[in-house]
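# Chain and residue survey
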Amino acid sequence: MAKIKKIIKTIRIEADKCNGCRACEIICSAYHAEPKYSSVNPARARIQVMSYRLKNIWLPVFAGEHAAAECMGRNTYVIDGKEYPECDFCRAACPSRDTFKEPDSGLPLKCDMCESDPPLAVPKCVEKCLNKVLVYEEREEEVEEEIRPEDVHIGLQAMIDKYGLQKVTDTFSRFNAAKRG
Ligand code: SF4
Ligand code: SF4
């Protein structure tokens, strides 16, 4: 199979610099509103700051892949003397919590790195984080070129089975409109 060069975009999190201002949540929800910047609702953000004020803990986490079932991870981790529940590090929208779910539809949210045409210089949350907690990085990687239409078909069918055709269609329309916007 052919190899292709691909730019991998990531955001490194330097959590010890975070002060919990939540500017990242606000700008993410505004940027992804339809139309863009028409509303602000941090519950719609694709980044959430897990916070325990009394313990001085602020942990920004990006929304990742949706998980259809709960996992068994209920451990507690101690890092630099601070205690974190295992779920705080998880990027998935899953049945055990409301995090990373569209509040109206319940559909899972996922960080799209603010992809747009033309592309932004840096994602919005990186731009607005004045404490430099979020650091945008790009690297080039050689990857297998793989487009498997059957995978797309199976994934779409699973979403339609779970959420219904209308919700899936509405969501795609919103994504398309946001990219064009
Ligand atoms: S904008 Fe930066 S400092 Fe503010 S909550 Fe988000 S990551 Fe933390
Ligand atoms: S990169 Fe864009 S989509 Fe992802 S959390 Fe930041 S603002 Fe939201």
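Residues numbered from 1 in each chain as written. Chains lettered and ligands numbered in written order. Predicted model: local features only at pLDDT ≥ 70, side-chain atom pairs only at ≥ 80, totals over all residues.

## Some remarks on the overall build of the chain
Counting secondary structure elements, the chain contains four helices and six strands. Listed N to C, the secondary structure of the chain is β-α-β-β-β-β-α-β-α-α in terms of helices and strands. In terms of C-alpha radius of gyration, the chain reaches 18 Å, essentially the compact-globule figure of 16 Å for 181 residues. Overall size of the chain, expressed as C-alpha extent along the three principal axes, is 50 × 40 × 35 Å. Sorting the 181 residues of the chain into buried and exposed places 18% on the buried side. (Helix = DSSP H or I, 4+ residues; strand = E, 2+ residues; numbered from the N terminus. Rg over C-alpha atoms; globule rule 2.2 N^0.38 Å. Buried ≥ 20, exposed ≤ 12 C-beta atoms within 10 Å, placed from the backbone.)

## A look at the domain arrangement of the chain
For the chain, the assigned domains are domain 1 (15-118) and domain 2 (149-181). For domain 1 and domain 2, the distance between their C-alpha centroids amounts to 22 Å. Counting residues at the interface gives eight residues for domain 1, matched by eight residues for domain 2. By residue class, the composition of the side of domain 1 that touches domain 2 is two nonpolar, three polar and three charged. (Domains from an automatic or database assignment. Contact = placed C-beta atoms within 7 Å. Nonpolar A, V, L, I, M, F, W, Y, C, P; charged D, E, K, R; others polar.)

## Considering the site of ligand 1
The immediate surroundings of ligand 1 are formed by 14 residues, with Cys18, Cys21, Cys24, Cys129 and Val133 found nearest. Listing elements by their share of the shell around ligand 1, those giving two or more residues are α1 (23-31) and β3 (57-62). Considered class by class, the residues forming the shell around ligand 1 number ten nonpolar, three polar and one charged. (Near = placed C-beta within 6 Å.)

## Looking at unusual backbone geometry
Geometrically, the link from glutamate 34 to proline 35 is a cis peptide bond, its omega value of -5° lying close to zero. Positionally, proline 35 belongs in the loop between α1 and β2 (47-52). The omega torsion across aspartate 117 and proline 118 is 5°, close enough to zero to call that bond cis. Locating proline 118 in the fold gives a position in the loop between β5 (82-85) and α2 (124-128). Although it is not a glycine, arginine 22 adopts a positive phi angle of roughly 70°. Within the element layout of this structure, arginine 22 appears in the loop between β1 (3-13) and α1.

## Concerning α1
Turning to α1, its buried residues number three or more, namely Cys24, Glu25, Ile27, Cys28, Ser29 and Tyr31. At its buried positions, α1 is contacted by β2, β3, α2 and β6 (134-144).

## Observations regarding the environment of cysteine 24
You can see cysteine 24 is positioned in helix α1. Separated by 101 residues in sequence, cysteine 24 and cysteine 125 place their C-alpha atoms 4.5 Å apart. Not counting residues within four places of it along the chain, the set of residues in contact with cysteine 24 comprises Ile47, Pro60, Cys125, Lys128, Cys129 and Leu134.

## Focus on the pairing of strand β4 (residues 76-79)
As paired elements, β4 and β5 share four bridges and run antiparallel to each other. Residue pairing across strands places valine 78 opposite glutamate 83, the latter belonging to β5. Where β4 folds back onto β5 in an antiparallel hairpin, the turn is made up of two residues, including aspartate 80, whose phi is positive at roughly 50°. (Pairing = 2+ DSSP bridges.)

## Regarding the nonpolar core
One recurring pattern in soluble globular proteins: nonpolar side chains tend to sit buried together. Counting residues in hydrophobic clusters, the biggest one holds 23 residues, and the most contacted among them are Cys24, Cys28, Ile47, Cys125 and Leu134. Put simply, the parts of the chain that give this core at least two residues each are α1, β2, β3 and α2. Here the element with the most residues in this core is α1; it accounts for four residues. Residue contacts for leucine 134: discarding those within four places in its chain leaves Ile11, Ile13, Cys24, Pro60, Cys125, Val126 and Cys129. (Core = buried A, V, L, I, M, F, W, Y, C linked by C-beta atoms within 7 Å.)

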